[in-house]
Amino acid sequence: RMTVYREERDRLEKAFLHEVAEIRQSHRELQRDEQAKKLYALSQSCFEQAAKATQSWIEKVAATPVKRSPSFLFSLSWRNANNQAGFSL
């Protein structure tokens, strides 16, 4: 069901990378610590945007029917990994 959000995710990631490049280019004259502050603020913004997008994608994926169920062994493997991580669905 990755196709439900793949293009949007790729555009968002590309935008993040573009913003980093812009900041690095446009703030080249700043001291390293000032440049780091700008990049830190951008990083915070990216995490906030990613969290919102992820929630939207989770909802879209949950609303999309599964076309083909995974094999028993695949499901068992993921169930074990989820249990080890303390993650429940």
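All values derive from a computational prediction rather than experimental measurement.

**Things to note about the overall build of the chain**
Argument step 1. What the chain contains, in helices and strands, is three helices and zero strands.
Argument step 2. Starting at the N terminus and ending at the C terminus, the chain contains elements arranged as α-α-α.
Argument step 3. Against the 2.2 N^0.38 benchmark of 12 Å for 89 residues, the chain shows a C-alpha radius of gyration of 19 Å, more extended than a compact globule.
Argument step 4. On the principal axes, the C-alpha backbone points of the chain span a range of 55 × 30 × 20 Å.
Argument step 5. Considering the chain, the positive charge centre built from 15 side chains and the negative charge centre built from 11 side chains are found 9 Å apart.

**What to know about the packing of aromatic side chains**
Argument step 1. Counted under the stated rule, the structure contains two aromatic pairs.
Argument step 2. Seen in terms of ring centroids, Tyr5 and Trp57 are 5.5 Å apart; in terms of plane orientation they differ by 25°. Their pairing is stacked. Of this pair, Tyr5 sits in the segment before α1 (6-26) while Trp57 is found in helix α2 (residues 32-62), placing the two residues 52 residues apart along the sequence.

**Some points on a nonpolar patch on the surface**
Argument step 1. A contiguous nonpolar surface patch, about 330 Å² in accessible area, is contributed by Phe72, Leu73 and Leu76.
Argument step 2. With respect to the helices, strands and loops of the structure, Phe72 is situated in helix α3 (residues 72-85).

**With respect to the environment of Arg68**
Argument step 1. One can find Arg68 in the loop between α2 and α3.
Argument step 2. Taking the C-alpha atoms as reference, Arg68 lies 23 Å from Ser56; in sequence the two are twelve residues apart.

**Topic: the pattern of salt bridges**
Argument step 1. Within this structure, the stated rule accounts for three salt bridges.
Argument step 2. In this structure, Arg9 engages Asp10 in a salt bridge whose closest nitrogen and oxygen atoms are separated by 2.7 Å.
Argument step 3. You can call Asp10 partly exposed: its relative accessible area is 35%.
Argument step 4. Between Glu34 and Lys37 there is a salt bridge; the shortest N-O distance is 3.4 Å. A residue pair is termed a helical-turn pair when its members lie 3 or 4 positions apart in one helix, as Glu34 and Lys37 do in helix α2 at three residues.
Argument step 5. Judged by its relative accessible area of 52%, Lys37 is exposed.

**Quick look at the packing of α1 against α2**
Argument step 1. Two numbers describe how α1 lies on α2: the axes approach to 11 Å, and their chain directions differ by 175°. In this view, α1 runs roughly antiparallel relative to α2, as classed from their interaxial angle. The segment α1 lies against α2, with Glu8, Arg9, Leu12, Phe16, Glu19, Val20, Ile23 and Arg24 engaging Gln35, Lys38, Leu39, Leu42, Cys46, Gln49, Ala50, Ala53, Trp57 and Lys60.
Argument step 2. Class assignment for the residues of the contact of α1 with α2 results in ten nonpolar, two polar and six charged.

The rules we used
Residues numbered from 1 in each chain as written. Predicted model: local features only at pLDDT ≥ 70, side-chain atom pairs only at ≥ 80, totals over all residues. Heavy atoms only, no water. Helix = DSSP H or I, 4+ residues; strand = E, 2+ residues; numbered from the N terminus. Rg over C-alpha atoms; globule rule 2.2 N^0.38 Å. Lys, Arg positive; Asp, Glu negative; His and termini not counted. Charge placed at Lys NZ, Arg CZ, Asp CG, Glu CD. Phe/Tyr/Trp six-rings, centres within 6.5 Å; stacked < 30°, edge-to-face > 60°. Patch = residues over 30% accessible without salt bridge, like charges linked within 9 Å, V, L, I, M, F, W, Y side chains within 5 Å. Areas by Shrake-Rupley, 256 points an atom, 1.4 Å probe, with all protein chains shown as cover. Salt bridge = Lys/Arg side-chain N within 4 Å of Asp/Glu carboxyl O. Buried < 20%, exposed > 50% of the residue type's maximum accessible area, 1.4 Å probe, protein only. Axes fitted to C-alpha atoms, helices over the stretch in contact; angles between N-to-C directions. Parallel < 35°, antiparallel > 145°, perpendicular 65-115°, else oblique. Contact = heavy atoms within 4.5 Å. Nonpolar A, V, L, I, M, F, W, Y, C, P; charged D, E, K, R; others polar.

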